[in-house]
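Each chain, written out:
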Amino acid sequence: MLPAFCRITLRLLILAPTLCWGQGQNRDVVTLVNDDRLTGEIVKGNQGSLLLDSDLAGMVSLDVEDVLRAEAGNASRFLFLFKDNSIMMGRFIMSNRDAFSVVTVPGDTLNFRMSELIRFSRYESEWYKRIDGHAGLGYSFTKASGLGRLNVNYSLAYALKRWTFTHTLSGIYSSEAGGLERLETDFSAVFNITSRWALVDYLKYQKNMQLNLRSRALNLVAIGHHFIVHKNVELLAASGISFQRESASAGEVATAEHTELPVLVRFSLSDLDKPNIDFSTTNVAFFGLSDPGRFRLDHSSNLSYEIVNDLRLGVEFYYNYDNRSFSESGPYDLGVLLTVRYEF
């Protein structure tokens, strides 16, 4: 039987081609200041942190101060947002904690300081790997009833270099109402002109029995500006014009069409560190143009906590206000949704 030292040496000789060539070429490699070497896939990062899906330890958040160097595999591509409003795609190489390089698709190597970067995220080469989303199921507490309602929700997003397409659906089922008590589904297309400016096209359908709203179809076109784009914090404000067609579930009003001035403000915060906590809040105010004096507000705030990988616990608060609501019970509706959702 070989001594332990000989067995280890023989094993290293056998694995040497994989360690020295295969991992370095096909996997992302991060070397720490203590010379520990981690392989896997760099998921995202900014000038202060890297999130690595490591082969041995799973998701690991690394402080840039602890990283000696990092190099993405030959097939890895990332989408970079810079403080000068530019957007770039390429391979990531970090030579030290203060500098990194982007190897573009034509093969050019561009050097940058870490202070010039806002953030970057992985851009998968296969189109189907760029699809992100979640599906959830939970319980709701609404203004209409303290007993709660069953709710379902899902979101699906697809990203390109400058385009992001998103479809979401959220519904509350009530046996007392004999079906869906509240339904919201929307599709949005966002074109990032720069890392600061964006064009938004937003289609939405709503049903809200609490507000006596049988249906509302809405098309919103706006231009937006990211007033804050810093690491994991983002603040977007947008305005434009919206067209809607709505009808009441009961009463004299059958169908009405309106033109409105929308003002959208959205704030989001994500944390690279474990536990992974995300927060977002969206407010859309609508000022009547064809119906002067009318004012509507749609608000939602979401807080989610990652229980285990790909499984999150979420809490959502929503508030809808319409000073010319069809409902006799009041101009507003609100509720709290508790959900467990799976991310894919």
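Since we're looking at a predicted model, the values are computed, not measured.

Novice: Outline the pattern of salt bridges, listing residues and values.
Specialist: Two side chains that carry opposite charge are able to pair once their charged atoms sit near each other. In total, this model carries 22 salt bridges according to the counting rule given. Note that Arg27 is salt-bridged to Asp55, the shortest N-O span being 2.5 Å. One end of the pair, Arg27, is in the loop between α1 (4–26) and β1 (28–32); the other, Asp55, is in the loop between β3 (49–54) and β4 (58–63), and 28 residues separate them in sequence. Taking the relative accessible area as the measure of exposure, Arg27 reaches 25% and is therefore partly exposed. On the basis of relative accessible area, Asp55 is assigned to the partly exposed category, the value being 38%. One salt bridge in this structure joins Glu343 and Arg341, with 3.8 Å as the shortest N-O distance. A residue is classified by how much of its surface remains accessible, and Glu343, at 23% relative accessible area, is partly exposed. Here the salt bridges share partners, and the residues they tie into one network are Arg27, Asp28, Glu41, Asp55, Arg122 and Glu124.

Novice: Before we move on, could you go through the nonpolar core and cite the residues and values that matter?
Specialist: If you look at the biggest cluster of nonpolar residues, it comprises 22 residues, and the most contacted ones within it are Phe80, Phe92 and Phe100. Within the residue set of this core, elements represented by two or more residues are β1, β3, β5 (67–71), β6 (78–82), β7 (87–96), β8 (99–103) and β10 (117–122). Residues contacting Phe80, with those up to four places away along its chain left out, are Ser86, Ile87, Met88, Gly90, Arg91, Phe92, Phe100, Val102, Leu117, Arg119 and Phe120. Counting 12 residues, the second-largest nonpolar core is a separate cluster that includes Ala198, Leu218, Leu264 and Val284.

The rules behind each value
Residues numbered from 1 in each chain as written. Predicted model: local features only at pLDDT ≥ 70, side-chain atom pairs only at ≥ 80, totals over all residues. Heavy atoms only, no water. Salt bridge = Lys/Arg side-chain N within 4 Å of Asp/Glu carboxyl O. Helix = DSSP H or I, 4+ residues; strand = E, 2+ residues; numbered from the N terminus. Buried < 20%, exposed > 50% of the residue type's maximum accessible area, 1.4 Å probe, protein only. Core = buried A, V, L, I, M, F, W, Y, C linked by side-chain atoms within 4.5 Å. Contact = heavy atoms within 4.5 Å.

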